[in-house]
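Listed here are the chains, written in short residue letters.
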Amino acid sequence: MSTAKTLLPATKINLLGNRVQLYQPVEGFRVSIDAILLAAAVPAVNGEQALDVGSGTGAAAFCLGARVAGVRVHGLELQNDLVSIARTSAFLNGGKNKIDFFIGDLLAPPNNIQQNSYNHIFANPPYMKAKSGQVPSNPSKALATIEGNASLSDWLDFCFIKLVWKGTFTVVHRYDRLTEILDHFRQFHGRVAVKPLITKVGNDPKRVLVQVTKGISGPILRLPSLVLQERTGEYTLAAEAILRHAKQLVMSES
C-alpha cells in the first residue's frame, strides 16, 4: 500500500484510550461511537481476514486491528478522499502491512475484494433510506448517511456473499430498521444474534448490532441491551471497557 496525502482538511483524533490514532475531515464525515462498537463486536482472532464495507476514514478497521493484533483487514469505501485519509492514518497505527483500503462500489467491487474469502465482514451502512429525510448539505456526509444506488438489501447481500463458511457478518444500524434486517436475513442460512444499544439509562434503543454466522442454523438470539451512559451522562462500566479498554463486545450467550 502506497503513502497517500489527505485531500481534505483533517484533524487527528484518538480512540480506544489512545490505542488508535486517525485523521478525519474537519467538515462532513465524522467518526461516531457506532464504529467503535461495531469493531468490538467482530469475533476475529489472529490470522483471520476481515472486510470493513463502507470503511470511511478507517475507524472501525483500526479499532479491530488494535484489539486483534494478528488480524488482516481490508476496507472498501466509495469516497476517494476518505480512502486517502484512511491510508494516511494506517501509518500512524503501524497498520500499513495489515490494513489496506480500496476505492470501490459494493455494486461493482474491485478485484481486490474477493468472494468467499473473508472470515469476518462488518459494516455501518447509511441509516436513512433514499429520499426519506433532509439531505445534509455536505456531500460526503450525505453519502455516508443516506442510501444511494445501493439499498440496505444490497449491503446485506454483498456482505453475506463475501463470507467464508461459518464466517460472521456484523452490522450496526438503526433499531427501527431491525425488522427489515431480520426479514432479509431469513433468506440466508445463518444464525442471527441481536444486541440493542441504549444511549442512556431509561431510554429506548436507537441503534442495534446484528450478527449472522454463515451456515450455522438456530433461532434468533436476542441478547441483553448494552447501556452506554448512566443518567448522569457518564459511561457505564460495560461501555467504558469497550470504548476505552478495547474489550470485545461478545455477541453470544455467556
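Structural notes, computed from the coordinates. Because the structure is a prediction, the values reported are computed rather than measured. (Residues numbered from 1 in each chain as written. Predicted model: local features only at pLDDT ≥ 70, side-chain atom pairs only at ≥ 80, totals over all residues. Heavy atoms only, no water.)

### Looking at the side chain of Ser89
Just so we agree on the cut-off: Runs of H or I in DSSP of at least four residues are treated as helices and runs of E of at least two as strands, each being numbered from the N terminus. Any pair of nitrogen or oxygen atoms within 3.5 Å is treated as a polar contact; in protein, a donor-acceptor pairing is required on top of that, and neighbouring residues in sequence qualify only through side-chain atoms on both sides. Contacts: residue pairs with any heavy atoms within 4.5 Å of one another.
Along the chain, the position of Ser89 falls in helix α3 (residues 80–92). At 2.8 Å, the side chain of Ser89 and the backbone nitrogen of Tyr23 are in polar contact. Not counting residues up to four positions away in its chain, the partners in contact with Ser89 are Gln21, Leu22, Tyr23 and Phe62.

### Notes on the packing of helix α1 (residues 33–40) against helix α2 (residues 59–67)
Cut-off, in case you're wondering: Inter-axis angles, ranging from 0 to 180 degrees, are taken between N-to-C directions of lines fitted to C-alpha atoms, where helices are fitted over the stretch in contact. Any angle that is under 35 degrees is reported as roughly parallel, and any over 145 degrees as roughly antiparallel; angles of 65 to 115 degrees are reported as roughly perpendicular and all others as oblique. Note: crossing handedness is left-handed where the near helix turns anticlockwise from the far helix by less than a right angle, and right-handed where it turns clockwise.
Where α1 contacts α2, the two axes come as close as 8 Å, and the packing angle between them is 40°. Relative to α2, α1 is oriented oblique. Considering only the axes of α1 and α2, their crossing is right-handed. Residues Ala35, Ile36, Ala39 and Ala40 of α1 pack against Ala59, Ala60, Cys63, Leu64 and Arg67 of α2.

### A look at helix α6 (residues 178–185)
Here is the rule: Three labels apply to residues, based on accessible area from a 1.4 Å probe with only protein chains included: buried if under 20% of the type maximum, exposed if over 50%, partly exposed otherwise in between. The directions from the helix axis to the C-beta atoms form the arc being described.
Every buried residue of α6 is accounted for by Leu178, Ile181, Leu182, His184 and Phe185. Buried positions in α6, seen along its axis, are confined to an arc of 160° and lie on one side of it. Contacts from the buried residues of α6 go to α5 (152–161), β7 (163–174), β8 (190–200), β9 (207–214) and β10 (221–222).

### Here's the deal with the pairing of strand β6 (residues 118–123)
In the case of a regular strand, side chains alternate between the two sheet surfaces. Selection rule: Two strands are said to pair when DSSP picks up at least two bridges between them.
Across the 6 residues that make up β6, a large majority, 5, are buried. Judged from the 5 bridges that link them, β6 and β7 form a sheet pairing that is parallel. Looking at the pairing, Ala123 lines up with Val171 of β7.

### A few points about the packing of aromatic side chains
Applicable threshold: Aromatic pairs are defined between Phe, Tyr and Trp rings, using the six-membered ring for Trp, whenever the two ring centres lie within 6.5 Å; interplanar angles under 30 degrees are classed as stacked, those over 60 as edge-to-face, and all others as tilted.
Scanning the entire structure with this criterion turns up 4 aromatic pairs. Arranged with centres 4.0 Å apart and planes meeting at 5°, the rings of Phe160 and Phe188 form a pair that is stacked. Remark: Phe188 occurs in the loop between α6 and β8 and Phe160 occurs in helix α5; sequence separation between them is 28 residues. Residue classification places Phe188 among the buried residues on the basis of a relative accessible area of 13%. For the ring pair Phe169 and Phe185, a centre distance of 6.1 Å and an interplane angle of 80° mean the geometry is edge-to-face. In this pair, Phe169 is assigned in strand β7 and Phe185 in helix α6, connecting sequence segments 16 residues apart. Judged by its relative accessible area of 1%, Phe169 is buried.

### Description of the state of the cysteines
The condition is simple: Disulfides are defined as pairs of cysteine sulfur atoms found within 2.5 Å of each other.
All told, the structure shown has 0 disulfides when counted by the stated rule. With no disulfide of its own, Cys63 has Cys159 as its nearest cysteine by sulfur position, at a separation of 18 Å. A residue is classified by how much of its surface remains accessible, and Cys63, at 3% relative accessible area, is buried. Residue classification places Cys159 among the buried residues on the basis of a relative accessible area of 0%.

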